[in-house]
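Listed here are the chains, written in short residue letters.
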Amino acid sequence: MAACLRGEVAKSRKQRRTALQMHIALVSLGYVGSCGRMAAFVSLAFARGDAFQLDWGQDRAALSGEQVKLQVLQTKLLRSRPLIVWAYML
């Protein structure tokens, strides 16, 4: 299974098979685990600037003793993993 997964990583993004396609191929070779179990072995790797996560929400904070409502934006770059947070008062 590990050799099969390493082979997929070496391929270009458009040539790679989906997790379901890899699972079907592995089952034909005798693999008895689930697709989810197999996918747990696949590590996520991202090129610089290739991907990020973004979350938006609301929160409250006390400023000068007064409760204010905030809009909060969080981003995380998936390669270097820094978390960046912005908060805006409404």
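A. Geometry of the sheet that holds strand β2 (residues 66-77). The sheet built from 3 strands is open, its strands ordered β1-β2-β3 with antiparallel pairing. Edge positions in the sheet fall to β1 (52-63) and β3 (83-89), since each of these pairs with one other strand and no more. Strand-to-strand twist across the sheet, computed as the mean angle between neighbouring axes with direction ignored, equals 25°.

B. Just the environment of His23, in detail. Assignment of secondary structure puts His23 in helix α2 (residues 19-28). Given a relative accessible area of 14%, His23 falls into the buried group. For the pair His23 and Val9, spaced 14 residues apart in sequence, the C-alpha separation works out to 15 Å. If we ignore the near neighbours within four places in the chain, the residues touching His23 are Tyr31, Gly33, Ser34, Cys35 and Met38.

C. Structural view of the pairing of β3. Across 7 bridges, β2 lies against β3 in antiparallel orientation. Looking across to β3, one finds that Gln74 is bridged to Val85. Between β2 and β3, which follow one another and run antiparallel, lie 5 residues, and Arg81 among them has a positive phi close to 70°.

D. Local environment of the side chain of Gln71. By the secondary structure assignment, Gln71 is in strand β2. At 2.7 Å, the side chain of Gln71 forms a polar contact with the side chain of Trp56. Not counting chain neighbours up to four residues away, the residues in contact with Gln71 comprise Trp56, Gly57, Gln58, Trp86, Ala87, Tyr88 and Leu90.

E. Structural detail: unusual backbone geometry. Despite not being glycine, Ser64 shows a phi value in the positive range, around 55°. Its place among the elements puts Ser64 in the loop between β1 and β2. Note on Ser64: relative accessible area 83%, which makes it exposed.

About the cut-offs
Residues numbered from 1 in each chain as written. Predicted model: local features only at pLDDT ≥ 70, side-chain atom pairs only at ≥ 80, totals over all residues. Heavy atoms only, no water. Pairing = 2+ DSSP bridges. Helix = DSSP H or I, 4+ residues; strand = E, 2+ residues; numbered from the N terminus. Axes fitted to C-alpha atoms, helices over the stretch in contact; angles between N-to-C directions. Buried < 20%, exposed > 50% of the residue type's maximum accessible area, 1.4 Å probe, protein only. Contact = heavy atoms within 4.5 Å. Polar contact = N/O pair within 3.5 Å; in protein donor to acceptor, adjacent residues only side chain to side chain.

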